Amino acid sequence: MPDRRRVGVTSALLLALLTVTVVGLIAAGPGPRDRVAELEGQLRCPVCKSVSIAESPSETAVAMRRSVAEQVAAGRNDAEILQYFEARYGEWVLLDPPAQGRGVWLLVLPAVVAVGGLALVLTRARRSPAVPELSDGDRDRVAAALADARTRRYQDEDDEP
Amino acid sequence: MILAAAGWAGVMLGLASSIALAVFGFRALRRPDRATRGQLQQPVVGMVTGAAVAFITLEIALLTDDFAVSFVAGNSSRATPVLFKLTAAWSALEGSIVLWIAVLAGFTAVVLRQVRSVDDRLGVGALAFMGLVATFFFGLVSTVANPFEVLAQPPADGPGPNALLQNHLLVTIHPPLLYLGYVGFTVPFAFAMSALLTRTPGVDWLRRTRRANLVAWSFLSAGLVLGAWWSYEVLGWGGFWAWDPVENAALIPWLTATAFIHSAVVQVRRGILQSWNFVLVLTTFALTILGTFLTRSSVVASVHSFTQSPVGPALLGFFVVVVVGGFTLFALRAPRLASPDRLESLASREGAFLVNNLLLSLFAFVVLLGTLYPVFVEAFTGAQTSVGRPFFDRMAVPISFALLLAMGVGPFTPYRAANGRLLWERLRPALLAGSLVSAGLVVAGVRSVAVVAVALLATAIVAASARQLFTSAPDRRPATLFRILRRQRGYWGGQVSHIGLVLVALAIAVSADLSERTTATLRQGESVEFGGYTVTYTGNETIQRSHRTEVAAEFQIREGTDVVRIAGPSLNQYPSQQQAVATPSVWSTPREDIYVALTSLEDGQVSVNLYRYPLMWTLWAGGLLVAAGGFWAVGGSPRRRVRDTTPAAAEANAPASSDAGAAQAVAVLSDPPAAQGEGQDRA
């Protein structure tokens, strides 16, 4: 094929660009973890509607944010801090239910649906009979017929009933 | 008094007409020889008249401050501006159900126009089912959600609508758009049920509901975007999507409806997925009812409070009837209607559609699960739990990436069977463009994996669409290209929606990873450095308006020494509410949004939240493009559309299936829209 060289060049270029992207991202690594912000996002604001304390302008949320920052500064770990708030406000305050006990359902059910759906899709596909490759002559004929049909169709457009 | 009576009469007329439509509709199915079209037409006229009278009466009552009408007394006030008096009609439950019946009556009238005679069993059955649905909603308005109760001692003034609902212009259009979407899904539901009941095989019901379905979907898309915009511009918490149950209730049917739009194409083009389409349509309609139940009863706040108003149990009961009745009929009839054909290969357009359906259904399931989990936990154990952003984001992000991938491959894959070489050929330039952008972003210093990945996929999808357009055109004149867009509305409307979604994904990734935020407490004259600007608090003023008191703080935003913007976020105090409602000030430029929201304002000292969101406009533009793509697909002259609604024509349109070699050759050498012609249009 005449344009095989061009294909090779674009493929190499593509590979190079993707390498730059991936290497660049890996070299930069994940940014520093902002534990305070992460924890704020997991705690529900007690006086608002379904937003976290990170997103709420209310005074309660401001006080809770201060408390989170203090506890992080004091060196307590994430689980301890979340437990502290759970003890004060109840399980309700955790926007991300822990994956133990009944919280497991939130992981198991989507997984079951995903696997079941995938199995269904895969079993739907039937083995397709091998399709014979066309000879170059046939290919050219189909291409010519298509090109012809295409031009004709757009020319005739206004005549359509 | 007169208005209440007139409104009530309208509702009664509508109720009687809906019952009549259902009765005459089902009777016409059983004894077509005794039925006439007039027996169907008169009830529909009655429904439309009744709903129009009810809605218009409600608006007149609101505009004329007729506090003898219970809804007006509860949801309006003399001081409310005229515009918000009009929108007060859908600011509370009873009025919004009146809007619902008005929209439903409109859709029923549109269906009636399609039904030329009682011999059209599919259409007659659909009308009968629409009559059943309408009976429920008119029944709701006439009993437990009656806005026209007459108050013996009318109050001198009312409390006015909910403060949040009279704070911004977007509230005037967002709910009606959402309802046009929600209610519109009744049409495909009614046709699907009718196809099952009358044992009508084939794709007739899909073709006949294509318009209504696309219109409903487009309105729902627009409603979702405007809802997010309203949340961003009005609520002042700095975000646009909170995974709140009310938002999820609108998102879940949108996801299943999107899946249906795609799987309907597969059935029309390839004759498979018949049963699955019934399931999706039933599910979508049931989810709109469930969503209304979730938002209109306070079940989400607490399981035990949903019986406070009888509307909750009524909607839940209707939901159960729809699910049980619908799926029973489906189980009885679908096996006989199901298509015998099977998928030939997963590596094909229909395979991509199947993957898309799997992902969208999973997405809908996950959002539904997260929304209902606290309800079920409370019902069974009494414990109060929450499911919020961390859970939804963790689930939604990978599913959305997979959807973007499917979006990049699917539309450029031929039907039946594709080979790797062909796909590689079609997608190589697009991938090259995408990786050029991603490498450029990384070199420019962007370190967010999500942003870089979305940018790559976004560029590739846009580039692949453009390549598709150019290669299917005989020449590159704009007129020719536009003609292709116009003649293959289904395909190109879909591509426009895809490009819109890609912009939305980009905005979501950028706002999640590249936004900045700070909180500051400032005295008058003090400044804070933020996002390359200096923000100075220069004072505040109090404005007394008829319906509220506004305290607006003034901030100077300077870049270097130039004042580039005066921001005026405010706190609005409504007489009926203790807590002030904060209105943020959003300064949008093509580069970024600077968002200033007050949290408190007392004696010369303000607390503000400042946010910087780069490229925020792409979210709204992308969202509206999604809706625009849907409308584009609907458009076009009905004359051409009518031409091949018969199954025979559909067969003729499909590629000849006997000669696999030739079909494969066509698939290899051509691009899908050109080769497969206009059947796609109506898919």
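Think of each chain on its own: its residues are numbered from 1, step by step along the sequence as written. Here the convention is simple: chains get letters from A, ligands get numbers from 1, in the order in which they are written. In keeping with the model being predicted, local features are shown solely for residues with a pLDDT of at least 70 and side-chain atom pairs are shown and tallied solely at 80 or more, while totals for entire chains, interfaces and linings include all residues.

Some remarks on the overall build of chain B
Piece 1. By the criteria applied, helices consist of DSSP H or I runs no shorter than four residues and strands consist of E runs no shorter than two, each listed in order from the N terminus. If you tally the helices and strands in chain B, you get 23 helices and 10 strands.
Piece 2. Taken against the 2.2 N^0.38 rule, which gives 26 Å for 683 residues, the C-alpha radius of gyration of chain B at 27 Å falls within 12% of a compact globule.
Piece 3. Projected onto its principal axes, the C-alpha coordinates of chain B cover approximately 85 × 70 × 55 Å.
Piece 4. Each residue is classified by how many other C-beta atoms fall within 10 Å of its C-beta atom, where C-beta atoms are placed from the backbone; a count of 20 or more means buried, 12 or fewer means exposed, and values in between mean partly exposed. Within chain B, buried positions represent 55% of all 683 residues.
Piece 5. The contact criterion used is a C-beta to C-beta distance within 7 Å, with each C-beta placed from the backbone. If you take every contact in chain B between residues at least 6 apart in sequence, the share linking residues at least 24 apart comes to 73%. Using C-alpha atoms as the atom set, the radius of gyration is obtained and then compared with a globule rule of 2.2 Å times the number of residues to the power 0.38.

So, the overall build of chain A
Piece 1. Secondary structure assignment for chain A yields 6 helices and 0 strands.
Piece 2. The linear arrangement of helices and strands in chain A, starting from the amino end, is α-α-α-α-α-α.
Piece 3. When the 161 residues of chain A are sorted by exposure, 17% land in the buried category.
Piece 4. When contacts within chain A are restricted to residue pairs at least 6 apart in sequence, those whose partners lie at least 24 apart make up 39%.

Side note on the domain arrangement of chain B
Residues and elements named next belong to chain B.
Piece 1. Split by domain assignment, chain B resolves into domain 1 (1–161) and domain 2 (516–614).
Piece 2. One C-alpha centre belongs to domain 1, the other to domain 2, and the line joining them spans 44 Å.
Piece 3. Taken residue by residue, the interface counts 5 residues in domain 1 and 4 residues in domain 2.
Piece 4. A per-class count over the side of domain 1 that touches domain 2 returns 3 nonpolar, 2 polar and no charged. Annotation comment: domain bounds sourced from an automatic or database domain assignment. Each residue is assigned to one class: nonpolar for Ala, Val, Leu, Ile, Met, Phe, Trp, Tyr, Cys and Pro, charged for Asp, Glu, Lys and Arg, and polar for all the others, Gly among them.

Examining the sheet that holds strand β10 (residues 605–614) of chain B
Residues and elements named next belong to chain B.
Piece 1. Read from one edge to the other, the open sheet built from 4 strands follows the order β1-β10-β9-β8, with strand pairing classed as antiparallel. The sheet terminates laterally at β1 (516–523) and β8 (585–588), the two strands that pair on one side only. In this sheet, adjacent strand axes meet at a mean angle of 20 degrees when their direction is disregarded.
Piece 2. We call two strands paired when DSSP finds no fewer than two bridges between them. With 10 bridges connecting them, strand β9 (residues 592–602) and β10 associate as antiparallel partners. Paired with E592 across the bridge in β10 is P614. For every element, the axis is a line fit to its C-alpha atoms; helices are fit only across the contacting stretch, and the angle between N-to-C directions ranges from 0 to 180 degrees.

Section: the interface of chain A and chain B
Reports of interface size often rely on the accessible area that becomes lost once the parts have come together.
Piece 1. In this complex, chain A contributes 54 residues to the contact, which on the side of chain B involves 63 residues.
Piece 2. Among the elements of the structure, α1 (4–28), α2 (35–42), α5 (105–124) and α6 (136–156) of chain A are those that each provide at least two residues to the side of chain A that touches chain B.
Piece 3. Here the side of chain A that touches chain B takes 10 residues from α1 of chain A, the largest share from any one element.

Considerations on unusual backbone geometry
Residues and elements named next belong to chain B.
Piece 1. A positive phi angle is found at W243, which is not glycine, with a value near 55 degrees.
Piece 2. Along the polypeptide, W243 turns up in the loop between α9 (204–235) and α10 (245–270).
Piece 3. Even without being a glycine, L615 presents a positive backbone phi close to 55 degrees.
Piece 4. Within the secondary structure, L615 is located in the loop between β10 and α19 (617–634).
Piece 5. Residue L615 is classed as buried on the basis of its 20 C-beta neighbours within 10 Å.

A short note on helix α2 (residues 38–63) of chain B
Piece 1. Working rule for helices: expected span equals 1.5 Å times residues minus one. Along its 26 residues, α2 of chain B runs 37 Å from first to last C-alpha, staying within 8% of the 38 Å computed at 1.5 Å per residue.
Piece 2. Backbone geometry just downstream of α2 of chain B places D65 of chain B in the positive-phi region, at approximately 50 degrees.

Examining the packing of helix α5 (residues 93–114) of chain B against helix α6 (residues 121–142) of chain B
Residue and element names in this part refer to chain B.
Piece 1. Viewed as axis vectors pointing N to C, α5 and α6 meet at an angle of 165 degrees, and their least axial separation amounts to 10 Å. The angle between the axes of α5 and α6 places the two elements in the roughly antiparallel class. The hand of the α5/α6 crossing is left-handed. From α5, I97, V98, W100, I101, L104, T108, V111, L112 and Q114 reach across to α6, where they touch G123, A126, L127, M130, V133, A134, F137, F138, L140 and V141.
Piece 2. A breakdown of the residues in the contact of α5 with α6 according to their chemical character gives 16 nonpolar, 3 polar and no charged. For classification purposes, angles smaller than 35 degrees are called roughly parallel, those larger than 145 roughly antiparallel, those between 65 and 115 roughly perpendicular, and all remaining angles oblique. If you view the pair so one helix is near and one far, a crossing is left-handed when the near helix is turned anticlockwise from the far one by less than a right angle, and right-handed when it is turned clockwise.

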